[in-house]
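The chain contents come next:
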Amino acid sequence: MSDSTMGMTISAHTVRHIPYWAIVDRVVGDAGPMGTKALPKVPGLRLLFDESDAGNPREEVNDLGRRVAEELGLPYSAELRGLLGFYLADAEGQPVDMPQHLRDRIQGIADSIRGR
């Protein structure tokens, strides 16, 4: 993984294309622990989240991120709260750069959900 390996974050209101290291820093930070789940409709695509946010009523429910994850094959989960990260991993689970067409696809799903 290089420092320029790109992925995405989705909050309840925004979608950002940022480096993988920044995804981990922003989503998990010091709170941790980090959780990941496979998104089965896209081989290698992973959801990254802060496990301490799951079910925490003080964290905002991330409806946009949850609905994007569901469109990409994650079963319904009411536990998706706070900022969510999306990244592509190789066969060994190491983050790799997300191709533009996949970033565009995820952005399109989010835009469709938001009615844009």
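Residues numbered from 1 in each chain as written. Predicted model: local features only at pLDDT ≥ 70, side-chain atom pairs only at ≥ 80, totals over all residues. Heavy atoms only, no water.

Asks: When you look at the overall build of the protein in this model, what are you seeing that I'm missing?
Replies: Helix and strand content of the protein: three helices and six strands. Secondary structure elements of the protein occur, N-terminal to C-terminal, as β-β-α-β-β-α-β-β-α. For 116 residues, the compact-globule estimate of 2.2 N^0.38 gives 13 Å, and the C-alpha radius of gyration of the protein, at 13 Å, lies within 12% of that figure. Projecting the C-alpha coordinates of the protein onto the three principal axes gives extents of approximately 35 × 35 × 20 Å. When burial is assessed residue by residue, the protein has 44% of its 116 residues classed as buried. Contacts in the protein between residues at least 24 apart in sequence constitute 53% of all its contacts with a sequence separation of at least 6. Accessible surface, the protein: about 6,100 Å² in total, of which carbon and sulfur atoms supply 48%. (Helix = DSSP H or I, 4+ residues; strand = E, 2+ residues; numbered from the N terminus. Rg over C-alpha atoms; globule rule 2.2 N^0.38 Å. Buried < 20%, exposed > 50% of the residue type's maximum accessible area, 1.4 Å probe, protein only. Contact = heavy atoms within 4.5 Å. Areas by Shrake-Rupley, 256 points an atom, 1.4 Å probe, with all protein chains shown as cover.)

Asks: Just to check I follow, could you spell out helix α3 (residues 100-113) for this structure?
Replies: An α-helix turns once every 3.6 residues. As a result, residues three or four positions apart point the same way. Relative to the 20 Å expected for 14 residues at 1.5 Å per residue, α3 spans 20 Å between its end C-alpha atoms, a close match to the ideal helical length. Every buried residue of α3 is accounted for by Leu102, Arg103, Ile106, Gln107, Ile109 and Ala110. Projected onto a plane normal to the axis of α3, the buried residues spread over an arc of 155° and lie on a single side. Facing away from the buried side of α3 by over 90 degrees, the exposed positions are His101 and Ser112. Where α3 is buried, its residues meet β1 (6-10), β2 (15-19), β4 (45-50), α2 (63-71) and β5 (84-89). Looking one or two places after α3, you find glycine 115, whose phi comes out positive at around 80°. (Expected span 1.5 Å × (residues − 1). Arc of directions from axis to C-beta.)

Asks: Would you mind showing me how to read the pattern of salt bridges here?
Replies: The tally for this structure, following the rule as stated, stands at four salt bridges. Residue aspartate 63 is joined to arginine 66 by a salt bridge in which the shortest nitrogen-to-oxygen separation is 2.3 Å. Of this pair, aspartate 63 and arginine 66 both sit in helix α2, three residues apart, which is roughly one turn of that helix. With a relative accessible area of 33%, aspartate 63 lands in the partly exposed category. Arginine 66 is paired through a salt bridge with glutamate 70; the nearest N and O atoms lie 2.6 Å apart. Of the two residues, arginine 66 and glutamate 70 are both situated in helix α2; the distance of four residues between them amounts to about one turn of the helix. Accessibility expressed as a relative area gives 13% for arginine 66, which makes it buried. (Salt bridge = Lys/Arg side-chain N within 4 Å of Asp/Glu carboxyl O.)

Asks: How should I be thinking about the packing of aromatic side chains in this particular structure?
Replies: Note on aromatic pairs: each is described by the distance of the centres and the angle between the planes. By the definition in use, this model includes one aromatic pair. Where tyrosine 20 meets tyrosine 87, the ring centres are 5.1 Å apart and the plane angle is 65°; that geometry is what we call edge-to-face. You can see tyrosine 20 sitting in helix α1 (residues 20-27) and its partner tyrosine 87 sitting in strand β5, a full 67 residues away along the chain. Judged by relative accessible area, tyrosine 87 falls into the buried class, the value being 6%. (Phe/Tyr/Trp six-rings, centres within 6.5 Å; stacked < 30°, edge-to-face > 60°.)

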